[in-house]
Structure formats: structure tokens, C-alpha cells
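Now for the letters of each chain:
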Amino acid sequence: MKDGFVKAAAVSPQLRVADCSYNADQIIRAMESAAARQVRLLVLPELSITGYTCGDLFSQQLLLDAAAGALEKIAEASVGMGMLTLVGLPLAVGSKLYNCAAAVLDGEILGVIPKTCLPNYGEFYEARQFTPAPEANSFCSIGGREVPFGPHLLFRCRELPSFCVAVEICEDLWVPQAPSIKHALAGATVICNLSASSEVVGKAEFRRQMVAAHSARLLCGYIYADAGSGESTTDLVFSGHDFICENGALLAEAPPFSGKTAVNDLDVQRLTAERRRMGTYPEQEDPAYHTVFFSMKTKDCPLNRVFSPMPFVPEDPAQRTARCEAILTAQAMGLKKRLEHTHAPTAVLGISGGLDSTLALLVTVRAMKLLDKPLSSVVAVTMPCFGTTDRTLTNAKTLCQELGVTLRTVGIAAAVEQHFRDIGQDPARQDVTFENAQARERTQVLMDLANQTGGIVVGTGDLSELALGWATYNGDHMSMYGVNASIPKTLVRYLVRHAAEQAAPRLREVLLDILDTPVSPELLPASPDGVISQVTEDLVGPYELHDFFLYYILRFGFAPAKVYRLARLAFNGRFEDAVILRWLRVFYRRFFSQQFKRSCLPDGPKVGTVSLSPRGDWRMPSDACAALWLDQLDQLN
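Chains are numbered independently. Their residues run from 1 in the order of the written sequence. Given that the model is predicted, a residue must reach a pLDDT of at least 70 before its local features are reported, and side-chain atom pairs must reach 80 or more before they are shown or counted; all residues, however, enter totals for whole chains, interfaces and linings. Hydrogens are left out, water is left out, and the side-chain values use all remaining heavy atoms of the structure.

> Quick question: what am I supposed to make of the nonpolar core here?
Looking at soluble globular proteins, one finds that nonpolar side chains tend to be buried together. Counting 92 residues, the largest nonpolar core has Leu339, Leu361, Leu399, Leu511, Phe549 and Tyr552 as its most contacted members. Every helix listed is a DSSP run of H or I at least four residues long, and every strand listed is a run of E at least two residues long, numbered separately from the N terminus. With 10 residues, the top contributor of residues to this core is helix H16 (residues 543-556). Every residue pair with non-hydrogen atoms within 4.5 Å of one another is taken to be in contact. Sequence-distant contacts of Phe549, that is, excluding residues within four places in its chain, are made with Val563, Ala567, Ile580, Trp583, Leu584 and Phe587. The definition of a nonpolar core used throughout is a set of buried Ala, Val, Leu, Ile, Met, Phe, Trp, Tyr and Cys residues joined through side-chain atoms within 4.5 Å. Each residue is placed in one exposure class: buried if its accessible area under a 1.4 Å probe, protein chains only, is under 20% of its type's maximum, exposed if it is over 50%, and partly exposed if it falls in between. Judged by nonpolar contacts, the second largest core, of 48 residues, contains Ala30, Ile49, Ala102 and Leu118.

Below, the structure is given as C-alpha cells:
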């Protein structure tokens, strides 16, 4: 459970209808197997102690007594497992019989939850045997012990308060107002469903979609355990279709009739962060609910969960293509609106032959096409200086020619040298002044050309650069509209590659060469053989790592230790732990020290869930101290 991860499982043991002793043994065997895999939350099917298909046998006191005895046996067997287990059984309380789920942990029966919505149609007729859950919580007696009983029970871990479990049973999920809605609003982050859903053609996909959507709507983890093949097949077939979802994502699945166990790690810390971020999530205390607290040791166990090294980029090729097209359209539509509103006849941007300016140019061309304006209205300006290489300059010119935009070449070396003389800067001293003077001169050229043509300057800087502060203040930091402002560097690459795949041969060739060119601001002289000498990732670190850090730090507010842990898993075999830790420290240091640049960013379209716009997405004092975060990193050494 370290870092908010809870290993959960759903399993459908092989049962015998009405054989409680046999079923208890099978359930205990499943519990032992799950505990050996360090599962902390195990969910079993509806009425799993007796079998769901007992029918009118549920009226037999002998069966009910056997079920209660089996539950006590299961509770005794749970001692030392450290695993919260939810098991189904029929339970008589007073003069009524209820279809229930019992929560068991380390020898204790923590509570019993009765089913609220009983099906009364087709092959399902539970109202014949069972009574719907009462409106209020109370207590029931099991083995001489008083146990909390009712539909409004929450089970919360003392050591990890974000781990809060609630239960609904099968049909409860299928009704318009599922009990889990109230459970989640009362604080439950994990919903467990003990189910007995028969298998018919098409139902598995519908079931999966419904649970995934429900987990997204409630911002919760959802564990679904289905009755399996041990049930009676008089009129129905049960498939043991088990799965685990989290906020709309399917984490694990035991396909119908597979006999497998669904196991994966729920991140309850992430769910809590999402709810906090979502201001419209109306979580509040409900006096109808009773919270049963339990203790569970926090252990660092291996994770089943897989973390993509590029969280901004979909792994599925078809999904990635659709995402790229949607992002390019959003960028172009944003720029189109700005050009329309300002009545700007031109869009001016610097073109360096690098990734960011290439993407900005591709977007600007799209925007002009949407406006039905000639592509000559796009004024692309290349401004060679001390560090410009023949490769990037040639690519920039070829790119503009192939796209049919207006190309301007303005050499800035003489202007920068004059500026050095004006301020007394030794040109041989290649320091930050040497570099930034070039960046600011380029921005001045763009602004003045925009004035000349009545246009606006389109910014090229991306989200990764903004996070690291890798921009010259009032240089490339400034524009009238930054089309790449919410695009991380790893995604910039795929957007350009997407454009290349659709381009004519010559344009494709130059785009692919731009993709192969090292990322560089080209502010320092090239090597004697004309090769780029200033490689950005050598100076600030790999953008793959920084984008990974950026996603989990901003999107979910994870602490440095957790980000480091996830990065080690995601980049296992690619970066050594010491390298990851080094660049994570650089990220935090730069992120905190460079906030002043982000406090006055130009407008730009938001296309994803992570953005650094100071107008709503990220508000941070420029003088915030990074000591707390860096101290935690120091403890990881």
C-alpha cells in the first residue's frame, strides 16, 4: 500500500451449489493464493458461500446455518493474511432474509452489506427469497458477535485514509441510481461489486463498458467479481467475468470462461487527487453512513500496474493518429479565432529548422487554410546567427518552400555584434548574455515584421520548455499567441511525425530529417565540422524523463518519492536510477525557480489535461521555495 497503491483482485472460485463446506474451502484456497500475491483487497462473487442459483433452497434453515458457519470458518482462516475480503452469503436478520456481502479481515467480520435492488424479471426473481436492504444501518448477530449491518457502510484504512471501500451487489449497479453513487459521494474511493451476471451474447462487452464508465463518473476504483461456471446451468450460464477498472480505465480482466483471476494495483492516492482537482465533485459527509475503520500494514510490494514512459502519447497507433489529428485541429482552430478577432492579415513566426517551430508552422498553415487565406499570408522568418548550422537552415528553407509560405531571411549576427558593442559585452565570452542577446534580437525582428505586415507573432515554445524555464525572458518567451503552449516535447515529435506520414515525398523527407536533428537553441557556435554543439538534452536532461515528471507532478500532485518510483518502473532498462534521480532534482529546481516566466505567458490553446497557463491551469507564487520537495529527494539517495 506504499504510495497509495492497493493491490486488488477479483476471483470466481469453482463452487458447488448449496455445498457450503466445499465452497468455504475453495474460497479459503483463493484467499491464500491472493494473499501470497500480496493482494490487499479481494472480492468474491455474489452468494459465493452457497452459490447464487440455490433458488427456493434459500428458505432452508439448514442451508442458512451452514452459510453462517462457513463465514466464520472463512473469517478464522483470514487471520494473518492482512487482506480485506468480501464474500457473498444469504443472511437471516430478524424475520427477513437478505442477499449480503460480508467484509472479513484478520479473523474479524467487519460488517455485512445487504443488497438494495433485487431483480424481479425474466430468469432473475430474487424477491421470491430475499428482502431489499433496510433504509438505515443497524447490527446483526453472527456467531454471537454484534456486527455492523446495513446498506450505508464504509470501510476505511487507518494507515491509508484514501483507501475507503464500499459495496454494492450485482443489480445495484444496473439501476438508474446505483447505491455506489451515494457511496462515492460519502467518501468511498473503491467500489466492490459481488455479482452473479449470466452470460449471453454481447453482455460481456456491455458489462465492461458500463463498469468502466461508472468508475469514470464516480472517480473511483471498481472491482467486479462475477459468478462462475460452478453455478447451476438449469436455465443460465455463468462465466466468471471478473475485472478491475479505475477512473474509466480497464486495469485487469479475467475474460468470460477463462477461469483466471483479475489482479492489479489501484492508486487510491491518484483518485483522491482527481477528486480534489475536480471542483464540482460534491463529496460530503452523509450522516446515514457508518465508517468501520481497519488497520493494515503499509508494505512496499511489487506493482502489477504498467506505466507508460510517455504518458502524453497514446501507445495504440490508431488512437495516437486520432489524437494527433484532434490536437492539430484544436491548435489551428485556436489560432484561426485569434487571427479573425485581430483582423490580422498575416501570421509571423520564426522558423529554425527545429521541432517546435516546425509544428507551429504546420499549425499556422492549417489555420490559414481554415480562413481561406493564401498561404503567402504566413510569413516564416529564418534568422541565422553564430550557432546556425547548414542542416537546420537548409531544412527551414526547404520546409517553407514545400508548404508554400512566404520565407524571409534576416541575418542577425551584425545586429547582435552591434548590441555587444553597445553594452560592452566581449563576443568571446559565450555566456548567458551571449546566448540571450540572440534570442531577444530574433523576437524583436519578428515583432517588427508583424508590425510591418499588420500581423501577429505566433509563438513556438512548448509545454516542456515552459516547465523547465528553458526560454529567454522577453525573447522566445514572448509572442501574441503560443500555439504549442500546452504541447509537451514528446508529443511535439509525434505530431510532426503524423504530419510527415501524410505529406508529399519531398516534404516528408525534410520533416523526417527535422525529427532526426538534435534539439538545440543553436545559440553557441557549431563545431568546426558544422555539427550542432549545443544539445538541449545534454544540458537540462532527456525530455522523455521531464515530460514523465511533469505529467505526474502537475496532473496528480504526486510527491517526489512516488514520481521517482513510477519513473524507475517506466524507464527500467533505459535509464539508471541515479540518472532518473539526478534529472528529477533538476526538474524540481528549475520548475520552482522559473515560475516568474510562466506568470506572464501569452495566450495559447489548451489541448490536454496538463497546462501551465497562469490564467487558470497553474497559479503559483514566483518565490515559492523548493526545499520541501528537494529534501524528500535527498532522502532517496
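That shown, we press on.
> What should I look at first to understand the sheet that holds strand E18 (residues 347-350) in this one?
Backbone hydrogen bonds hold the strands of a sheet together, and the pairing may be parallel or antiparallel. Spatial ordering of the open sheet is given by E20-E19-E18-E21-E22, a layout of five strands whose pairing is parallel. Only two strands of the sheet have a single partner each, and these edge strands are strand E20 (406-409) and strand E22 (481-482). Sheet topology note: the strand E21 (residues 456-459)/E22 ladder contains two bridges and is parallel. Looking across to E22, one finds that Gly459 is bridged to Gly482. Strands in contact with helix H7 (residues 317-342) are E18, E21 and E22; relative to E21, the strand with the most contacts, it is inclined by about 165 degrees. Structural elements are reduced to axes, namely lines fitted to C-alpha atoms, with helices fitted over the stretch in contact, and the angle between N-to-C directions of any two is expressed from 0 to 180 degrees. Of the strands in this sheet, E18, strand E19 (378-382), E20 and E21 touch helix H11 (residues 432-453), which is tilted by about 160 degrees from E18. Two strands pair if DSSP finds at least two bridges between them.

> Would you mind showing me how to read H11 here?
The length a helix should cover is 1.5 Å for every residue beyond the first. In a regular helix each residue adds 1.5 Å, so 22 residues correspond to 32 Å; H11 covers 32 Å between its end C-alpha atoms and thus fits that length. Any pair of nitrogen or oxygen atoms within 3.5 Å is treated as a polar contact; in protein, a donor-acceptor pairing is required on top of that, and neighbouring residues in sequence qualify only through side-chain atoms on both sides. For H11, the side-chain oxygen to backbone nitrogen distance between the N-cap and Thr433 is 3.2 Å, and the N-cap itself is Asp431. Once H11 finishes, Gly454 follows within two positions and takes phi at roughly 75 degrees, a positive value.

> Mind showing me how you'd approach the pairing of strand E8 (residues 138-142) here?
Each regular strand carries side chains that alternate between the two faces of the sheet. As paired strands, E8 and strand E9 (residues 145-149) are joined by five bridges and run antiparallel to one another. Counted as the bridge partner of Ser138 is Phe149 from E9. Linking E8 back to E9 in an antiparallel pair, the connection comprises two residues, with Gly143 at a positive phi of about 60 degrees.

> I would appreciate a short explanation of the pattern of salt bridges in the present structure.
Two side chains with opposite charge may pair up if their charged atoms get near one another. By convention in these notes, a salt bridge is any Lys or Arg side-chain nitrogen within 4 Å of a carboxyl oxygen on Asp or Glu. Within this structure, the stated rule accounts for 28 salt bridges. Its salt-bridge partner being Lys73, residue Asp25 comes within 2.7 Å of it at the nearest N-O pair. A residue pair is termed long-range when its members are at least 10 positions apart, and Asp25 in helix H1 (residues 20-36) and Lys73 in helix H2 (residues 61-77) qualify at 48 residues. Taking relative accessible area as the criterion, Lys73 reaches 33% and is therefore assigned partly exposed. The structure contains a network of salt bridges with shared partners spanning Asp356, Asp462, Glu465 and Lys489.

On their own, these measurements won't tell you what the molecule is for.
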